[in-house]
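Take a look at the letters that make up each chain.
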Amino acid sequence: MEKPWFEVEHYIGGEFVGGGNGFDVRYPATNEVIGTAPEGKEAEVDAAVGAAQEAFGKWGRMGAGERRLMLKRFAEGIRARADELARVESWDVGRPIRENTHGYVLRVAANIEFFADFVVTHGSDAYPMDTGYINYVLHQPVGVAGLITPWNVPMMLSTWKIGPALAFGNTVVLKPAELTPIGAWKLAQIAHESGLPPGVFNVVQGFGPDSAGAYLTAHPDVDLISFTGETTTGKAIMKSATDTLKRVSAEMGGKGPNVIFADADVDKAVQTSLRSSFFNQGEFCLAGSRIMVQRPLYEEFLEKFAAAAKGLKPGDPFDESTSLGSLIGPEHLEKVEGFLNGRSPAFHSGAEVRLGGDRPDLGAPFDGGNYLNATIVADVKPEDRISQEEVFGPVATAMPFDEEDEAISLANGVSYGLSAVVQTRDLGRAVRVAGAIDAGTVWVNDFFVRDLRVPFGGMKSSGMGREGGVYSREFFTEAKTVCLSN
Ligand code: NAD
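Residues numbered from 1 in each chain as written. Predicted model: local features only at pLDDT ≥ 70, side-chain atom pairs only at ≥ 80, totals over all residues.

A.B. asks: Before we go on, may I ask you to explain the sheet that holds strand β6 (residues 126–128) in this structure?
C.D. replies: Backbone hydrogen bonds are what pair the strands of a sheet, in a parallel or an antiparallel way. Spatial ordering of the open sheet is given by β6-β7-β23, a layout of three strands whose pairing is antiparallel. On the outer flanks of this sheet lie β6 and β23 (477–484), each paired with one strand and no other. The sheet shows a mean angle of 20° between the axes of neighbouring strands, taken without regard to direction. In terms of strand pairing, strand β7 (residues 134–141) meets β23 through eight bridges, oriented antiparallel. Bridge pairing in β23 places His-139 opposite Ala-479. (Pairing = 2+ DSSP bridges. Helix = DSSP H or I, 4+ residues; strand = E, 2+ residues; numbered from the N terminus. Axes fitted to C-alpha atoms, helices over the stretch in contact; angles between N-to-C directions.)

A.B. asks: Sorry, what's going on with the domain arrangement of the chain here?
C.D. replies: A common way to express how large an interface is: the accessible area buried when the components associate. You can read the domains of the chain as domain 1 (6–252 + 462–485) and domain 2 (257–444). Computed over C-alpha atoms only, the centres of domain 1 and domain 2 are separated by 31 Å. On the side of domain 2, 25 residues touch domain 1, which itself brings 19 residues to the contact. Every element with two or more residues in the side of domain 1 that touches domain 2 is listed here: α3 (82–93) and α4 (98–101). Tallied by class, residues from the side of domain 1 that touches domain 2 come to eight nonpolar, seven polar and four charged. (Domains from an automatic or database assignment. Contact = placed C-beta atoms within 7 Å. Nonpolar A, V, L, I, M, F, W, Y, C, P; charged D, E, K, R; others polar.)

A.B. asks: For this particular structure, what's the right way to read the packing of helix α2 (residues 64–80) against helix α7 (residues 182–193)?
C.D. replies: The packing of two helices is summarised by the inter-axis angle and the distance between the axes. For the pair α2 and α7, interaxial distance at closest approach is 8 Å and the crossing angle is 125°. Considering the angle they form, α2 stands oblique to α7. The two elements α2 and α7 cross, and the hand of that crossing is right-handed. Each of Phe-74, Gly-77 and Ile-78 in α2 lies in contact with α7, whose residues at this interface are Ile-190, Ala-191 and Glu-193. (Parallel < 35°, antiparallel > 145°, perpendicular 65-115°, else oblique. Left-handed = near helix turned anticlockwise from the far one by under 90°.)

A.B. asks: Would you explain the sheet that holds strand β5 (residues 32–38) in this entry?
C.D. replies: On the basis of which strands lie adjacent, the open sheet formed by three strands has the order β1-β5-β4 and mixed pairing. Edge positions in the sheet fall to β1 (6–7) and β4 (22–27), since each has one partner strand and no second. Sheet analysis places β1 next to β5, joined by two bridges and oriented parallel. Across the sheet, residue Phe-6 finds its bridge partner in β5, namely Gly-35.

A.B. asks: Would you mind showing me how to read the nonpolar core here?
C.D. replies: One broad trend across soluble globular proteins is that nonpolar side chains are buried collectively. Formed by 137 residues in total, the largest nonpolar core has its most connected members in Ala-48, Ala-52, Ile-78, Ile-112, Val-172, Val-173 and Ile-260. Per-element tally for this core: the top contributor is helix α5 (residues 104–121), with 10 residues. Counting the residues that make up this core, at least three belong to each of domain 1 (6–252 + 462–485) and domain 2 (257–444). Discounting residues that sit within four places of it in the chain, Ile-112 has contacts with Leu-71, Phe-74, Ala-75, Ile-78, Thr-159, Ile-162 and Gly-163. (Core = buried A, V, L, I, M, F, W, Y, C linked by C-beta atoms within 7 Å. Buried ≥ 20, exposed ≤ 12 C-beta atoms within 10 Å, placed from the backbone.)

A.B. asks: Even after reading the chapter, I still don't get helix α9 (residues 231–242), so can you show me in this structure?
C.D. replies: Counting along an α-helix, one turn takes 3.6 residues, and residues three or four places apart therefore face a common direction. With 12 residues, α9 should cover 16 Å at 1.5 Å per step; its first-to-last C-alpha distance of 17 Å lies within 8% of that length. Turning to α9, its buried residues are Thr-233, Gly-234, Ile-237 and Ala-241. All buried residues of α9 lie within an arc of 100° about the axis, which places them on one face of the element. Exposed residues on α9 whose side chains face more than 90 degrees from its buried face are Thr-232, Lys-239 and Thr-242. Buried residues along α9 sit in contact with β8 (144–148), α8 (212–218), β11 (224–228) and β12 (247–251). (Expected span 1.5 Å × (residues − 1). Arc of directions from axis to C-beta.)

A.B. asks: So what exactly am I meant to see when it comes to the site of the ligand here?
C.D. replies: Close contacts around the ligand come from 32 residues, with Pro-150, Gly-208, Gly-213, Gly-229 and Thr-233 the closest. Going through the elements one at a time, α8 and α9 are the ones with two or more residues in the shell around the ligand. In terms of residue class, the shell around the ligand is built from 14 nonpolar, 13 polar and five charged. Structurally, the shell around the ligand is a two-domain feature, drawing no fewer than three residues from each of domain 1 (6–252 + 462–485) and domain 2 (257–444). (Near = placed C-beta within 6 Å.)

A.B. asks: Is there a simple way to explain unusual backbone geometry in this structure?
C.D. replies: Residue Pro-365 is bonded to the preceding Ala-364 through a cis peptide linkage, with omega at 0°. Here Pro-365 lies in the loop between β15 (352–355) and β16 (375–378). A positive phi angle, near 65°, is found at Asn-31, a position not held by glycine. As for its placement among the helices and strands, Asn-31 is situated in the loop between β4 and β5.

A.B. asks: Help me understand the packing of α3 against α5 in this model?
C.D. replies: The geometry of α3 relative to α5 is characterised by a closest axis approach of 9 Å and an angle of 105° between their N-to-C directions. Accordingly, the angle class assigned to the pair α3 and α5 is roughly perpendicular. Contacts from Ala-82, Leu-85 and Ala-86 in α3 reach Tyr-104, Val-105 and Val-108 in α5. Class assignment of the residues belonging to the contact of α3 with α5 gives a composition of six nonpolar, no polar and no charged.

A.B. asks: Any chance you could explain the environment of Asn-445 here in plain terms?
C.D. replies: Secondary-structure assignment places Asn-445 in the loop between β20 (441–444) and β21 (459–460). Looking at Asn-445, the number of C-beta atoms within 10 Å reads 16, which means it is partly exposed. Taking the C-alpha atoms as reference points, Asn-445 and Ser-273, separated by 172 residues in sequence, lie 9.6 Å from one another.

A.B. asks: Would you mind going over helix α1 (residues 42–59) with me for this structure?
C.D. replies: Taking 1.5 Å as the rise per residue, α1 with 18 residues should run 26 Å; its terminal C-alpha atoms sit 25 Å apart, in good agreement. When we look at burial in α1, the residues that qualify are Glu-44, Val-45, Ala-47, Ala-48, Val-49, Ala-51, Ala-52, Ala-55, Phe-56 and Trp-59. Looking at the buried side of α1, the elements it contacts are β2 (10–12), β8, β9 (171–175), β10 (201–203) and α8.

A.B. asks: Explain the pairing of β8 to me, please; I cannot follow it from the model alone.
C.D. replies: In the case of a regular strand, side chains alternate between the two sheet surfaces. Judged by how many residues are buried, β8 sits mostly within the fold: five of five residues are covered. On β8, burial covers both faces: Val-144, Gly-146 and Ile-148 on one face and Ala-145 and Leu-147 on the other are all buried. The pairing of β8 with β9 spans five bridges and is parallel. Note on β9: the bridge partner recorded for Ala-145 is Val-172. In this region the chain leaves β8, passes through helix α6 (residues 154–167) and returns to the parallel neighbour β9; the handedness of that crossover is right-handed. Here β8 pairs with β11 via four bridges, running parallel. Its bridge partner being in β11, Leu-147 is matched across the sheet by Ser-226. (Right-handed = clockwise from strand over helix to strand, strands pointing away.)

Written out as structure tokens, the structure is:
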């Protein structure tokens, strides 16, 4: 694949703005520079928030049906450029192209379209009182929404916020992650071409602290912040947003348990665990890579799982046969390796690296990238650092358990609570365990399937608030009660 060059820009008030102080855009698979992006500071954030505020006057009062038509054109534009966007996501993230072409971009478009439809197909509550009064509820837009997104699944996560924010009548300033600025810029191009009015959707590129992210969070004219990223960043953002009393939704880290009972269909469990551990080379908040297997199945599962994971092929993201991409950058690769190597690996001495743990030999130019072979560490203990902290790389851990109650307490024995996988053929057990695990989403015998109507979010350190369907409406609108006298 010929190396492209991206001159990434901000998108402010309907205009593409480049120049100023910039930063390099790197391709994770080789670490080569493939473009530049401008760093937004106070001036750019101010301009974008000002444009969003001005546009809100009209956009917020516009009928939902009219907004729906415009957002549908935006979604159609995304679908029309699906091939290009699939490639962009691989240049941004280093994820294998084959993971982007099977529905990923369609989901990006659906995130916009779903909420555009939702607003016109859903009514609100009305309560006729015994006294003859009628109370009814209006869901009105809040104002300017600041959206702050991470680098791991950038287009999916940004549209997951852009869709409801705009459909419910807010205007938006998006601050994408500095490591993946291209996709947001492309989305802005499509929004522009689809005729979204100037100022309704703005993008300011830049970093977090002392940069676009922090200025957006602290800006007095931003009414709400929807953030996805690390738990420590979420805490900082919440503190900063408190001064200006913004509402904040925070989707943060995860450490998903994957509980496999002895009665599970072992081949299906292997396939599900492959995806839950290694999708997006494990850089996934929802990863179910903390595997616990009931003792009678433990060795058989591990053997089959290791054989299947060995078949994952790292390499050129644009090669259709590549099934394991590059990590986002050298520092992140070192952080992930830090769980495995060095003087103090993050597990006790009885644990064993059953697979991987090393970098693949890929030859030029991919030797310059940030690859790690699919890795499995078996026989870890619950208190090991690798069992407690988010690794965010292609590293699965495994430990045996005996009883159902023990599995539940192991699953819940971390500070996170975003998602979980339970694998069993016993329906009653599935219902019991899914109900008992601390997680915003539990998949039974599968992974990463979700209807856009259900709540998405985390418990404990994984998040505050829920988004999806009516839950997004709750966050992105002000609910107003009107009481009609008879
Ligand atoms: P990060 O927290 O480093 O950065 C996320 C975003 O916040 C970036 O745009 C960054 O520039 C910005 N930011 C950083 N510091 C800021 C500050 N002080 N003020 C304002 N903005 C700031 O996260 P990351 O490394 O990009 O992403 C990986 C993390 O995201 C992992 O922990 C992962 O679990 C989490 N994640 C969670 C979900 C979810 O749905 N819960 C989804 C994807 C990723």
